Amino acid sequence: MRYAETGYNLEIDLSRGSIERVETDPRETELYLGGLGTNAKILWDRVPPEVEPFSPDNLLIFSTGLLCGTPAPGANRTIVSTISPQTLLMAYSMMGGFWAPELKFAGYDKVIIRGKSPNLVYLWINNDKVEIRDASHLQGKGAIEAAELIKQEINEPKAHVASIGLAGENRVAFASIEQGRSSASRLGVGAVMGDKGLKAIAVRGTKDVNVARPDELLELCNEVLEYIKVRAENPIQGVPPILAGLGSPQEMAVHDEKWHTENFAWGNARHRRKDFWNEEVEKAWTETLENVRERFISCYNCPMKCGATISVPELSVYMMKCYSKLTYTMASMTDLDFGFKIAQLATEHGVDAFSAPQTMAFAVELYEAGILTDEDMPGFPSDAEERFFWLLDRIVRREGIGDILADGTYWAAERIGKGAEEYAHNNIKKHEQLPLKLGMLNPVYFLMYCTGEKANITQIEGQFPQAPFPSREEREEFVKDWIQVPDEKLKQYFVDWELRGDNSIPYYPPIQASCEIVDWMEKMHYIDDATGICAGLSSFPLKPPYHIHNLPRVISSATGIDIDEAELWEITKRNRTLVRAINVRRGMRRQDEKPPEDHWRKRFPELEAKLLDEYYKFKGWNNQGIPTKEILDELDLDYVSEDFLQRGILTDHEGSHYKETSSEKKQK
Amino acid sequence: MSGEKKKKMIKTIKIDVDNCNGCRACEAICSAFHATPKYSSNNPARSRIRVVRDPLKDVFVPVFAGEYTAAECMARDKYVIDGRQYDECAFCRASCPSRDLFKEPDSGLPLKCDLCEDLEDPSLEEPLCVQWCLSDALTYEEREEEVEEEEEPLDELEIGLESLADRYGLEKIMDTLARMSESKKG
Ligand code: SF4
Ligand code: SF4
Ligand code: SF4
């Protein structure tokens, strides 16, 4: 018997209209666990670098995490992987909600989509019965609207539906896949779904998911729940309220937005408004939120209630969580109630709440700078709110200027020219970033921005505080019950970290310590991405209930695959390296690994180069960020090293990074 | 009826729908508890509590599986609370032919909340769905009540007869019974 997983994938070829149920190899689970890990293996094996994002040969994989459908609290992530139309690299976007557990209960670990349907269809997975159904009547419908219509049509209110809106149908490069209160929105996974002619996947399952050692797993789950209660009563001291608790940032509950509104940049990631927050704003915004928020809601089997149903008068109800509460408001430089209004429309259209507002703010700036004119944008309104509605509408329809903007700021700037590139200033690997513009370089964050494969800071940071606490006493207090650290020395790094002086940024934490801190944080995310446990209970917040000391036992007792901490690190490293390998094979190199030029005002080129050099070495990558033959072979990824040698990405005599450095010299 | 007073434990699970966040943790753990061996599998479709959940309409109603009924009700109920209209039979606990709620997905056999096997396992201080509901939508209460000794639970037949007697008077029922038994013999 297979435990925690079902052992079956669904293979759907939309060009041929074929549906297959395929048994998977249990050995792959041992090597890559599941979720992102096994997705990466499939993409490596089946999507060569020549395949374009909008090719029928590109795969769109909806995967459950390994632990989804077991009682492990918060194990509910769907990991969507494909090749991104925006970065042209591997995209892996995740969503919470209910879809992944439901797919497990239907009897599948993954749905793998290939090909392209000539007309719009949706997939209806009802246990063993799987159908490709016509969706032409759903064309142009909002993502939530379509999901509701599908549930009525199949007469199954308990089905969970992942769907795209107009943006996905029109292949907007930052189109999302929406599902209940969650969405997979980064890197344009919705555009690939639209390109495949797939409007939605509805799923309903009523089968068992088995676990290997029930009593042990249950005990661990109970410990997790107990710890969640402890943390609810003991918020972390010394950090902004938004970072004090567990879960995704509790944006639906928190009224104090001083930290976001004053630390994050407004407009096209330009303006810091350091005295924005005052009593008046707080009062008005509290009222706005209280008025529209109906109820706090959770994902499957999780008590954290990070989301909420939002009901704006005269608009249909939608669901929201996290920072999307503020992105539209801040990008448009308007007010919170506008944010809630446009977010309703944006959710129905299905766009990413980071990239979409940023792209619209970029267009406004270009217009004001005279680079885009009334000729390019006939009828462009003068009111800030109307402008955003106007732009959103054109983008999701790809009408006029919207057709250019729909590719995101990087590609739009390239097409517009006339210096527009200067305005697409907030990207990493062609992907819009959080609007953060800060003073002093932070070495830990520098490494994360450069090397994070997902090109999104929230998907790599966590665990280690973002800034030192002012006094040593406070720091010592913090580390006292810091059971999550993999190694005691990480406590010391934090205790010694000062706001000012020798032990402050940019030279502290020292290079080696920075590498270790980043590596820890990143690994925790890679574990979650394989198990499907929500980052909000694991890799993202400070002092989470899941950590490296209990996760191996959670995984072992659920799956029956016995792994200890060292082995879990090893699997994680394998998955991480494989994701990098896919991107390296698609051309990603050191020159792509950099934060936005203006992310920090004070930059230190020499230190930065050294940080990257050392971190690459630490990871077992050469000076170009390419995993070496040694590390690949050590991780049982010899098929990757063979491919790299064959393609000339690595050469025979540059197995190690030292030799690689000299080969780089040769290139110069 | 008279007689000795006796203490009886009344066990209640209080449901506060306002606190429900729709997470279905209660379903997950209930289904795990009733797996054989215990906790060895998970399947909310086998749970004896179901969260009727329609977020866009703000419907979040945890319902415990109650008695099995062979026939559906003559008329269905439909509640409107605070201006919000709930689906037909939304609050009904019956495992009833009109719907697939509270039936084993394979066999169709009825499911009923047994209060986690009447909390016989001493390690269970509270029902599991209550323990796993960290949002206080479900709370468990026990209280002792004094009851008449005779009040042994009636069996189904007695319940039915008693309700008929309430309606038509005992004499009429007995007449009818006599007539029925005559005609059966004949
Ligand atoms: S922590 Fe929040 S986002 Fe994560 S699973 Fe729980 S409710 Fe969902
Ligand atoms: S566990 Fe509690 S909050 Fe979650 S669905 Fe059940 S009753 Fe609602
Ligand atoms: S009390 Fe026990 S048996 Fe009844 S619904 Fe809750 S978990 Fe299930």
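Because the structure is predicted, anything quoted here is derived from the model rather than measured. (Residues numbered from 1 in each chain as written. Chains lettered and ligands numbered in written order. Predicted model: local features only at pLDDT ≥ 70, side-chain atom pairs only at ≥ 80, totals over all residues. Heavy atoms only, no water.)

**Things to note about the packing of aromatic side chains**
Residues and elements named next belong to chain A.
Thought 1: In this structure the tally under the stated criterion is 37 aromatic pairs over all chains.
Thought 2: On the basis of an interplanar angle of 5 degrees and a centroid distance of 6.5 Å, the ring pair of Tyr615 and Phe618 is categorised as stacked. One end of the pair is Tyr615 and the other is Phe618, both in helix H23 (residues 605-619) and 3 residues apart, which spans about a single turn.
Thought 3: A relative accessible area of 30% places Phe618 in the partly exposed class.
Thought 4: Looking at Tyr615, the relative accessible area reads 0%, which means it is buried.
Thought 5: Joined through ring pairs, the aromatic side chains of Phe464, Phe469, Phe478, Trp482, Phe494, Trp497 and Trp520 make up one cluster.
Thought 6: Its guanidinium or amino end placed over the ring of Trp266, Arg273 lies 4.0 Å from that ring's centre, counting from NZ or CZ.
Thought 7: Across the ring face of Trp621, the terminal group of Arg580 is positioned such that the distance to the ring centre comes to 4.0 Å. (Phe/Tyr/Trp six-rings, centres within 6.5 Å; stacked < 30°, edge-to-face > 60°. Helix = DSSP H or I, 4+ residues; strand = E, 2+ residues; numbered from the N terminus. Buried < 20%, exposed > 50% of the residue type's maximum accessible area, 1.4 Å probe, protein only. Lys NZ or Arg CZ within 6 Å of the ring centre and 35° of its normal.)

**As for the environment of Glu145 of chain A**
Residues and elements named next belong to chain A.
Thought 1: Note that Glu145 resides in helix H4 (residues 143-153).
Thought 2: A residue is classified by how much of its surface remains accessible, and Glu145, at 38% relative accessible area, is partly exposed.
Thought 3: Taking C-alpha positions, Glu145 is 39 Å from Leu220, a pair spaced 75 residues apart along the chain.

**Section: the interface of chain A and chain B**
In many reports, interface size means the accessible area that the parts give up when they come together.
Thought 1: The interface of chain A with chain B comprises 41 residues on the first partner and 31 residues on the second.
Thought 2: Here chain A and chain B share an interface that buries about 3000 Å² over both sides, 54% of which is from carbon and sulfur atoms.
Thought 3: If you sort the residues of chain A by the area they bury against chain B, Asp208, Leu218 and Arg295 of chain A come out on top, with a joint share of 19%.
Thought 4: There are 4 salt bridges connecting chain A and chain B.
Thought 5: Close ionic contact of Asp208 of chain A with Arg46 of chain B constitutes a salt bridge, the shortest N to O distance being 3.0 Å.
Thought 6: Broken down by element, the side of chain A that touches chain B gets its largest block of residues, 8 residues, from helix H7 (residues 214-233) of chain A.
Thought 7: Of the residues that constitute the side of chain A that touches chain B, the class distribution is 21 nonpolar, 9 polar and 11 charged. (Contact = heavy atoms within 4.5 Å. Buried area = accessible area lost by both parts, 1.4 Å probe. Salt bridge = Lys/Arg side-chain N within 4 Å of Asp/Glu carboxyl O. Nonpolar A, V, L, I, M, F, W, Y, C, P; charged D, E, K, R; others polar.)

**Re the domain arrangement of chain A**
Residues and elements named next belong to chain A.
Thought 1: Structurally, chain A comprises domain 1 (8-204), domain 2 (240-432) and domain 3 (442-667).
Thought 2: One C-alpha centre belongs to domain 2, the other to domain 3; they are set 30 Å apart.
Thought 3: Counting from both sides, the interface comprises 17 residues of domain 2 and, opposite them, 23 residues of domain 3.
Thought 4: Summing the contributions of domain 2 and of domain 3, the shared interface buries around 1400 Å²; its carbon and sulfur component is 62%.
Thought 5: Sorting the residues of domain 2 by area buried against domain 3 places Leu246, Ile428 and Lys429 first, and these three jointly supply 43% of that buried surface.
Thought 6: The interface formed by domain 2 and domain 3 holds 1 salt bridge in total.
Thought 7: Measuring nitrogen to oxygen at the nearest pair gives 2.9 Å for the salt bridge that ties Lys429 to Glu593. (Domains from an automatic or database assignment.)

**Details of the sheet that holds strand E4 (residues 78-83) of chain A**
Residue and element names in this part refer to chain A.
Thought 1: Strand order in the open sheet made by the 6 strands is E2-E1-E6-E3-E4-E5, with mixed pairing throughout. The sheet terminates laterally at strand E2 (18-23) and strand E5 (90-95), the two strands that pair on one side only. Strand-to-strand twist in this sheet, taken as the mean axis angle between neighbours without regard to direction, amounts to 15 degrees.
Thought 2: Where strand E1 (residues 8-13) meets strand E6 (residues 110-114), 5 bridges bridge the pair, whose relative direction is parallel. (Pairing = 2+ DSSP bridges. Axes fitted to C-alpha atoms, helices over the stretch in contact; angles between N-to-C directions.)

**Topic: the layout of surface pockets**
Thought 1: For the second largest pocket, the calculated volume is near 1300 Å³.
Thought 2: In terms of lining, the second largest pocket is formed by 46 residues, of which the most central are Glu156, Pro157 and Lys158 of chain A together with Arg53 and Asp87 of chain B.
Thought 3: If you list the elements that add at least two residues to the lining of the second largest pocket, you get H4, strand E9 (160-163), strand E10 (177-179) and strand E16 (318-321) of chain A together with strand E3 (49-54) of chain B.
Thought 4: Looking at the lining of the second largest pocket residue by residue, the classes come out as 18 nonpolar, 9 polar and 19 charged. (1 Å grid on protein atoms, 1.4 Å probe; cavity = no way out; pocket = protein on both sides within 12 Å on 5 of 7 lines; lining within 4 Å. Points joined across faces, edges and corners; volume = space filled by probe spheres on them.)

**Re the pattern of salt bridges**
Residue and element names in this part refer to chain A.
Thought 1: Taken as a whole and assessed by the stated rule, the structure comprises 71 salt bridges over all chains.
Thought 2: The closest approach of N and O atoms between Glu156 and Arg204, which form a salt bridge, is 3.9 Å. Taken together, the positions of Glu156 in the loop between H4 and E9 and Arg204 in strand E12 (residues 198-204) put the pair 48 residues apart, joining distant regions of the chain.
Thought 3: The class for Glu156 is buried, based on a relative accessible area of 13%.
Thought 4: Between Glu522 and Arg576 there is a salt bridge, with its nearest N and O atoms 2.7 Å apart. Separated by 54 residues along the polypeptide, Glu522 in helix H20 (residues 511-531) and Arg576 in helix H22 (residues 565-585) bring together distant segments of the chain. Residues Glu522 and Arg576 agree in their burial class; the two are buried.

**Some thoughts on the side chain of Lys523 of chain A**
All names here are of chain A.
Thought 1: If you trace the backbone, Lys523 turns up in helix H20.
Thought 2: Overall, Lys523 belongs to the buried group, its relative accessible area being 13%.
Thought 3: Ignoring anything within four residues of it in the chain, the contact list for Lys523 reads Trp569, Thr572 and Lys573.

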